[in-house]
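Coordinate analysis (summary)
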Amino acid sequence: MGKLVVLNHPLIDHKMALIRDKNTSTKTFRETVGEIGALITYEITKDLETVEIEVETPIQKTICRQLKKQLVIVPILRAGLGMVNGIHDMVPSAKIGHIGLYRDEKSLEPVSYYAKFPTDILDGVVLVVDPMLATGGSATAAITELKNRGAKDVRFVGLVGCPEGVKRLQMDHPDVPIYLAALDEKLNEVGYIIPGLGDAGDRLFGTK
């Protein structure tokens, strides 16, 4: 079974309260999602491999460490875009791919309409980013697409998940670690996380 990490940090909890609040403005919601993305980057990258390099300080040469593998951020469009800047601010050298999926409102299953990735997915560390892990269908489909393109080291990064989505992703991709800022109670009858934070895409872009 894949590793599940639910982050426990006062700043993340504080900012999660802001984005859960239905009265939070689109601007504040979007900014806060990015800030949470930056905060969780410390957790999702703490086991990345590094290599030694020699650098010259103003005083003398010394040995430092840098990331061994290229980091690739792959947001699931469109809601995943909200987390990209925060993660990218922490790792400016990261490459960015995109995968477009939408959920069929009757079957609740994902339908793919776009996928473009840098070649670095072959040897790099790939972060699949989506604020919500609800049914798990979109995350599973995105990761399957990446694996079909040759990605080997893939991690899922979200804000809010639920047991149903976690179980689906762990069953379909047991090798993929899951990182969440919060694990909520369950899905409701129309596939929304309870208590959740509503439709992350609509709240990010002011479309509802």
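Here goes a summary of the coordinates provided. (Residues numbered from 1 in each chain as written. Predicted model: local features only at pLDDT ≥ 70, side-chain atom pairs only at ≥ 80, totals over all residues. Heavy atoms only, no water.)

Some words on helix H4 (residues 137–148)
Residues lying three or four places apart along an α-helix face the same way, a consequence of the helix completing one turn every 3.6 residues. Applied cut-off: Put simply, DSSP marks the helices as runs of H or I at least four residues long and the strands as runs of E at least two long, and each gets a number from the N terminus on. Multiply 1.5 Å by the residue count of a helix minus one, and that product is the helix's expected span. Each residue gets one of three labels from its accessible area relative to the maximum for its type: buried under 20%, exposed over 50%, partly exposed in between, using a 1.4 Å probe on protein chains only.
The terminal C-alpha atoms of H4, which comprises 12 residues, lie 16 Å apart, in line with the 16 Å expected from a rise of 1.5 Å per residue. Buried within H4 are the following residues: Gly137, Ser138, Ala139, Thr140, Ala142, Ile143 and Leu146. Looking one or two residues past H4, Gly150 carries a phi angle of roughly 110°, positive in sign.

Focus: the side chain of Thr135
In plain terms, the rule: Two N or O atoms form a polar contact when they lie within 3.5 Å of each other; inside protein one atom must be a possible hydrogen donor and the other a possible acceptor, and for residues adjacent in sequence the pair counts only when both atoms belong to side chains.
For Thr135, the location among the structural elements is in the loop between strand S9 (132–133) and H4. A relative accessible area of 18% places Thr135 in the buried class. Within the structure, Thr135 has its side chain in polar contact with the backbone nitrogen of Gly137 (distance 3.2 Å).

Things to note about the packing of H4 against helix H5 (residues 163–172)
Using the following cut-off: The convention used is that axes are lines fitted to C-alpha atoms, helices contributing only their stretch in contact, and that angles between N-to-C directions extend from 0 to 180 degrees. Roughly parallel covers angles under 35 degrees, roughly antiparallel covers those over 145, roughly perpendicular covers 65 to 115, and oblique covers all other angles. A clockwise turn of the near helix away from the far one marks a right-handed crossing, whereas an anticlockwise turn of less than a right angle marks a left-handed crossing. Any two residues having at least one pair of non-hydrogen atoms within 4.5 Å are treated as being in contact. Under the grouping applied here, Gly and all other residues not named as nonpolar or charged are polar, the nonpolar ones being Ala, Val, Leu, Ile, Met, Phe, Trp, Tyr, Cys and Pro and the charged ones Asp, Glu, Lys and Arg.
Where H4 meets H5, the axes come as close as 9 Å, and the angle between the chain directions of the two elements is 25°. As summarised for this structure, H4 and H5 are arranged roughly parallel, according to the angle between their axes. Read as a crossing pair, H4 and H5 show a hand that is right-handed. In contact with Gly137, Ala139, Thr140 and Ile143 of H4, H5 contributes Arg168, Leu169 and Asp172. By residue class, the composition of the contact of H4 with H5 is three nonpolar, two polar and two charged.

Here we look at a nonpolar patch on the surface
Here is the rule: Each patch is built from salt-bridge-free residues with over 30% relative accessible area, joining like charges within 9 Å and nonpolar side chains (Val, Leu, Ile, Met, Phe, Trp, Tyr) within 5 Å. Areas reported as accessible are Shrake-Rupley estimates using a 1.4 Å probe. Residue values count occlusion only from the protein chains shown. Put simply, a salt bridge is a Lys or Arg side-chain nitrogen that is within 4 Å of an Asp or Glu carboxyl oxygen.
A cluster of nonpolar side chains, namely Leu4, Val6 and Leu183, defines an oily patch on the protein surface of about 210 Å² accessible area. Summarising the element assignment, Leu4 is placed in strand S1 (residues 4–6).

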